[in-house]
Amino acid sequence: MIVGGPKVRVVGGYVVLAVGVAAALVAIMGRGVDSYSSSVDAVTGLISRVMSRRDASCGPAPTFALSLVDAFGADDAGAGVADSFSVWSDGGSSEVNVEGTSGVALASGFHWYLKYYAMCSISWLGDQLCLPDISPKVEKFTMESPYEYGYYMNTCTLGYSTVWWDWDRWEQEIDWMAMNGVNLPLAFVGQEYIWQQVYNELGIPFEDLDDFFGGPAFLPWQRMGNVDGWPSPLSSSWMQKQKNLQLQILERMRSFDMRPILPGFSGHVPRALTTYYPGATVTQLSPWADGFNGTFFLDPFDPLFAAIGELLMTSLAETFGTDHIYNCDPFNENTPPSNDPDYLSQVAKAIYSSMAATDPEALWVLQGWFLVNDADFWQPPQVEAFLNAIDDSQMLILDLFAEERPIWNTGLFFGKPFIWNMLQNFGGRPGMFAAMDNVAQWPLDALSNTTVDMVGTGFTPEAIETNPVVYDLMSEMHWRTSPFDLDLWVEEYAVRRYGADSASAKQAWSLLQHSIFNCNTTQEGPSAIIAGGRPDVRIERVGCCATTEIYWDPKDVCDAWDLLLRDSDTLKSQATYRNDLAQVTLQVLSSIMTNYWRTLVSSFYKSDASTFEQAAQNIETIIAEMDQILATQDAYLLGKWLSAAKSWGDSEDEQLVYQYNARLQITLWSLPLTSLNDYAYKMWAGLTRTFQLSRWQTFIDDLRPFVSTPSLWDRKAYLAKVGAVEEDWTLMTDDWNYSTTPTGDAVAIATSLRDKYLSQC
């Protein structure tokens, strides 16, 4: 490792080198690179990008002096130890010194300074970068993580959030990772290019893989072996472009000293393999969900299993390089062909052998979701056989949903090292939601438990760009080792978030913290916003999984809404405030909309036509108002999602394919009237006023003729009708007519809605 080395200073967004110190070269990850210059330069670039977004009306950007230092106990490759950083400054015009043990540590130190000394906030949903006029004095402090790993991403994130991203958006996200302690990111982009090569090597031509690779928005579930070819085909152009993007992603991740996780071979194979290799032992698994056929699983004892694994590992290393870490989930929401412990043990050995035969240093990263999702199958004998087939040093388990349904404390990891993760969101479903008390305490409980081997913290959301407060909190748990005052933390968060010490804003955040941001159930993400679901006379869930039950008092959120608006004149210039205001407004309107729906259904069964019509009008109006407040924010625009999808197409036909993918994922997901409908529903401007509103209008229009005779209403016929409306929307090609830029004044709209609806809270 390098001790000392060149200091790089960032002054007003420009990069200069301190003089008199020489650079050094070391070998890392098996390749000769200037690791010191690379990581310091990477953080220098990050600081420049962040400072370029600062509020020019506020104080100047300070000078940052960065130094990479040795980590105590590090081996020659710098592996096996936790990151640490130190920050200090004399204040005023003096430089801010940041020392760190890696690029990630340096970026984290810079971020910690911004949060706690410059009182700034950086998030997916707006930045507050009003720096102080005079830089504060900072007594030297050191933060040392107790963990080797900071993990990030869920296999599903690559579908629900990042699928249409270009390099500019990926660059922003990798900066976020570095500033939030992530050194072990999932890196799954572009793997279809590799798989195509693997199967071509086996003599299977590209055209015979059409029913294997899925559409871009659904690739995560094809990669996990849940579905094949949904919806197909996938173009070679997409594969090539994504491979090129992956090369940029990996280069940047590694420049921060991150260790990207690449895919391993789980046994999932194309159906075409049975044609070209008729003697192969292939089992078709049970369907993952209604509307789909089962996928194909190659028996790990078949010699072809090892051959495919070797081809994959070789092609990955040749194309992307390797950091020796691979994710492989053979039975993610799929039931194995046998529950025999010996069989499961042999499966695990075969999977790891397929990695280690080519890469003897391979570390297998396994999502622990199968232990949550299919607990009936995975009883202790099955789990023990599967996990203990692999040496503890060769496997790392992700406790995927530890903030609500932890596995680490059940004994089912059987001594394996694990990472404590916050999942937080499923499918990108909308709504305010967090389990902040759990996030602030439960990782500390696991850390202090001497009977388990917790080696990291992480984030595993199925989708991102939601509820930034809890991600801000979770990122700090990578560095914290003892309990702290969460109430005070939330108070300070409100100040950082809005760049002002507003008493009413702090009071609003206290209400939110102790209500909607303190989930005490085990539900999967936010409670449902019924405006976004398929209307019916009884709605217990939106889609399969978003419960309509609530764990908070809606009045607390309504009071927080009113409190946030009291200081709007002071806070309205901040994008962070406007975004939060839009989200709270949506949440309040959702509660009121639920009451309108209840009134509609009640009046229908009471044959009260007058009340029915008033409720119907109220529903249509409030959905339009939801669309109006959502349209004020860049993050909630259907047009951006569709436009980003279009940008990847080389022809009009390809653009239409991607448009269909984009529309389908956020609505039906699968075939009409099946269990996955609305799994990933969104409340986005454009979507709300078209798809969502048209469903509610269909429902109301279908009920209206039967208000006087409700027993004659045919629910089955209605479902067929609304299903057709939903499918028609997914097939539309008017996607370029949706705005890609925000419209309207969030503060003015929220104020008007508050004046209209506050009395209904």
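Just so we're clear, the structure is a prediction, and the values are computed from it rather than from any experiment.

Here is what the cut-offs are and how they apply
Residues numbered from 1 in each chain as written. Predicted model: local features only at pLDDT ≥ 70, side-chain atom pairs only at ≥ 80, totals over all residues. Heavy atoms only, no water. Helix = DSSP H or I, 4+ residues; strand = E, 2+ residues; numbered from the N terminus. Rg over C-alpha atoms; globule rule 2.2 N^0.38 Å. Buried < 20%, exposed > 50% of the residue type's maximum accessible area, 1.4 Å probe, protein only. Contact = heavy atoms within 4.5 Å. Areas by Shrake-Rupley, 256 points an atom, 1.4 Å probe, with all protein chains shown as cover. Lys, Arg positive; Asp, Glu negative; His and termini not counted. Charge placed at Lys NZ, Arg CZ, Asp CG, Glu CD. Axes fitted to C-alpha atoms, helices over the stretch in contact; angles between N-to-C directions. Parallel < 35°, antiparallel > 145°, perpendicular 65-115°, else oblique. Nonpolar A, V, L, I, M, F, W, Y, C, P; charged D, E, K, R; others polar. Pairing = 2+ DSSP bridges. Expected span 1.5 Å × (residues − 1). Disulfide = S-S within 2.5 Å. Polar contact = N/O pair within 3.5 Å; in protein donor to acceptor, adjacent residues only side chain to side chain. Salt bridge = Lys/Arg side-chain N within 4 Å of Asp/Glu carboxyl O. Core = buried A, V, L, I, M, F, W, Y, C linked by side-chain atoms within 4.5 Å. Phe/Tyr/Trp six-rings, centres within 6.5 Å; stacked < 30°, edge-to-face > 60°. Lys NZ or Arg CZ within 6 Å of the ring centre and 35° of its normal.

Trainee: Looking at this structure, I do not really get the overall build of the chain. What am I missing?
Mentor: Regarding its fold elements, the chain presents 25 helices and 21 strands. In terms of C-alpha radius of gyration, the chain reaches 26 Å, essentially the compact-globule figure of 27 Å for 761 residues. Projected onto its principal axes, the C-alpha positions of the chain cover 85 × 75 × 55 Å. For the chain, the residues scored as buried account for 61% of the 761 residues in total. Nonlocal contacts in the chain, meaning residues at least 24 apart in sequence, comprise 76% of its contacts between residues at least 6 apart. Carbon and sulfur atoms make up 49% of the accessible area of the chain, which amounts to about 26,900 Å² in all. Taking the average place of the 46 positive charges on the side chains of the chain and the average place of its 93 negative ones, the gap between the two points comes to 6 Å.

Trainee: Would you mind going over the environment of Thr-314 with me for this structure?
Mentor: For Thr-314, the location among the structural elements is in helix H9 (residues 303-320). For Thr-314, a relative accessible area of 30% gives the class partly exposed. Along the backbone, Thr-314 and Thr-466 are 152 residues apart, and their C-alpha atoms lie at a distance of 38 Å.

Trainee: Looking at this structure, I do not really get the packing of helix H5 (residues 191-201) against helix H7 (residues 236-255). What am I missing?
Mentor: Helix-helix packing is described using two parameters, namely the angle between the two axes and the distance between the axes. The geometry of H5 relative to H7 is characterised by a closest axis approach of 7 Å and an angle of 120° between their N-to-C directions. As judged from the angle between their axes, H5 and H7 are oblique. Residues Glu-192, Tyr-193 and Gln-196 of H5 touch H7, and the partners they reach there are Met-239, Gln-240 and Lys-243. Its residues assigned to classes, the contact of H5 with H7 comprises two nonpolar, two polar and two charged.

Trainee: Any chance you could explain the sheet that holds strand E14 (residues 296-298) here in plain terms?
Mentor: Strand pairing in a sheet relies on backbone hydrogen bonds, with the paired strands running either antiparallel or parallel. Pairing is antiparallel across the open sheet formed by three strands, whose spatial order is E12-E14-E13. With partners counted over all chains shown, the strands left at the sheet margins are strand E12 (268-269) and strand E13 (282-284), one partner each. Across three bridges, E13 lies against E14 in antiparallel orientation. Residue pairing for E14: Val-282 is matched across the bridge by Leu-298.

Trainee: I would appreciate a short explanation of H7 in the present structure.
Mentor: Given 3.6 residues to a turn, an α-helix orients residues that are three or four positions apart in the same direction. The terminal C-alpha atoms of H7, which comprises 20 residues, lie 29 Å apart, in line with the 28 Å expected from a rise of 1.5 Å per residue. Downstream of H7 by one or two residues, Asp-257 has phi in the positive range, about 70°.

Trainee: What exactly am I supposed to notice about the state of the cysteines here?
Mentor: Here, disulfide denotes a covalent bond that connects the sulfur atoms of two cysteines. Throughout the structure, instances matching the rule amount to three disulfides. Residue pairing for Cys-58: its cysteine sulfur links by disulfide to Cys-130, the two sulfurs lying 1.8 Å apart. Looking down the S-S bond of the Cys-58 and Cys-130 bridge, the torsion is -100°, so its handedness is left-handed. One end of the pair, Cys-58, is in the loop between helix H1 (35-51) and strand E5 (64-68); the other, Cys-130, is in the loop between helix H2 (103-116) and strand E8 (138-144), with 72 residues separating them in the sequence. Using a relative accessible area of 17% as the deciding quantity, one classes Cys-58 as buried. For Cys-130, a relative accessible area of 25% puts it in the partly exposed group. Sequence-ordered numbering of the bonded cysteines in the chain yields a pairing of 1-2, 3-4, 5-6. Unpaired in terms of disulfides, Cys-156 finds its nearest cysteine sulfur in Cys-545, a separation of 12 Å. Relative accessible area serves as the criterion here: at 6%, Cys-156 is assigned to the buried category. Unpaired in this structure, Cys-519 has its nearest cysteine sulfur neighbour in Cys-545, at a distance of 15 Å.

Trainee: What exactly am I supposed to notice about helix H4 (residues 167-179) here?
Mentor: For H4, built from 13 residues, the straight-helix expectation of 18 Å at 1.5 Å per residue is met to within 8% by its first-to-last C-alpha distance of 18 Å. Of all 13 residues making up H4, eleven are buried, and the element is well covered by its neighbours. Listing the buried residues of H4 in full gives Trp-167, Arg-169, Trp-170, Glu-171, Glu-173, Ile-174, Asp-175, Trp-176, Met-177, Ala-178 and Met-179. Capping of H4 at its N-terminal end is provided by Asp-166; its side-chain oxygen lies 3.3 Å from the backbone amide nitrogen of Asp-168. The first or second residue beyond H4 is Gly-181, which carries a positive phi of 80°.

Trainee: Is there a simple way to think about the pattern of salt bridges in this case?
Mentor: When their charged atoms lie close together, side chains carrying opposite charge are able to pair. For the structure on display, the rule yields 35 salt bridges. As a salt-bridge pair, Asp-701 and Arg-704 come within 2.8 Å of each other at their nearest N and O atoms.

Trainee: For this particular structure, what's the right way to read the nonpolar core?
Mentor: The nonpolar side chains of a soluble globular protein tend to be buried, and buried together. Counting 266 residues, the largest nonpolar core has Trp-170, Trp-364, Phe-386 and Trp-669 as its most contacted members. Looking at this core, the element that brings in the most residues is helix H19 (residues 575-605), giving 14 residues. Setting aside chain neighbours within four positions, we find Trp-170 in contact with Met-153, Leu-158, Thr-162, Trp-165, Met-177, Val-189, Leu-245 and Ile-249.

Trainee: Looking at this model, I keep getting lost on the side chain of Ser-527. Mind explaining?
Mentor: Note on placement: Ser-527 falls in the loop between helix H16 (503-513) and strand E20 (541-542). A distance of 3.1 Å separates the side chain of Ser-527 from the side chain of Gln-523, its partner in a polar contact. If we ignore the near neighbours within four places in the chain, the residues touching Ser-527 are Pro-430, Thr-547, Glu-549, Ile-550, Tyr-551, Trp-552 and Tyr-681.

Trainee: For this particular structure, what's the right way to read the environment of Arg-538?
Mentor: Looking at the secondary structure, you find Arg-538 in the loop between H16 and E20. Judged by relative accessible area, Arg-538 falls into the exposed class, the value being 62%. In this structure the C-alpha to C-alpha distance between Arg-538 and Ile-592, which are 54 residues apart in sequence, comes to 17 Å. In terms of polar contacts, Arg-538 uses its side chain to reach the side chain of Glu-540, at 2.5 Å.

Trainee: Can you walk me through the sheet that holds strand E17 (residues 395-399) in this structure?
Mentor: Across the sheet, eight strands lie side by side as E10-E9-E19-E18-E17-E16-E15-E11; this open sheet has parallel pairing. Looking at strand neighbours, the two that pair on one side only are strand E10 (184-185) and strand E11 (262-263), the edges of this open sheet. Across three bridges, the pairing between E17 and strand E18 (residues 418-422) is parallel. Looking at E18, one finds that Asp-399 is bridged to Trp-420.

Trainee: Teacher, can you tell me more about the environment of Asn-200 here?
Mentor: Within the element layout of this structure, Asn-200 appears in helix H5. Leaving out residues up to four positions away in the same chain, Asn-200 has contacts with Pro-205 and Phe-206.

Trainee: When you look at the side chain of Ser-354 in this model, what are you seeing that I'm missing?
Mentor: Topologically, Ser-354 is positioned in helix H10 (residues 341-356). Only 2.6 Å separates the side chain of Ser-354 from the backbone oxygen of Ile-351, close enough to count as a polar contact.

Trainee: Would you mind going over the packing of aromatic side chains with me for this structure?
Mentor: We describe a pair of aromatic rings using the distance from one ring centre to the other and the angle between the two ring planes. This structure, assessed with the given rule, holds 64 aromatic pairs. For the ring pair Phe-265 and Phe-305, a centre distance of 4.6 Å and an interplane angle of 45° mean the geometry is tilted. Here the residue Phe-265 occupies a position in the loop between E11 and E12, and Phe-305 occupies one in helix H9, the gap between them amounting to 40 residues. As far as burial versus exposure is concerned, Phe-265 and Phe-305 are alike and both buried. Among the aromatic residues, ring-to-ring pairing joins Phe-64, Phe-85, Phe-110, Trp-112, Tyr-113, Tyr-116, Tyr-117, Phe-141 and Trp-479 into one connected group. Positioned above the aromatic ring of Tyr-193 is the side chain of Lys-243, whose terminal nitrogen or guanidinium carbon lies 4.9 Å from the ring centre. Here the basic side chain of Arg-429 rests over the ring of Tyr-679, its NZ or CZ set 4.8 Å away from the ring centre.

Structural measurements only, silent on function.
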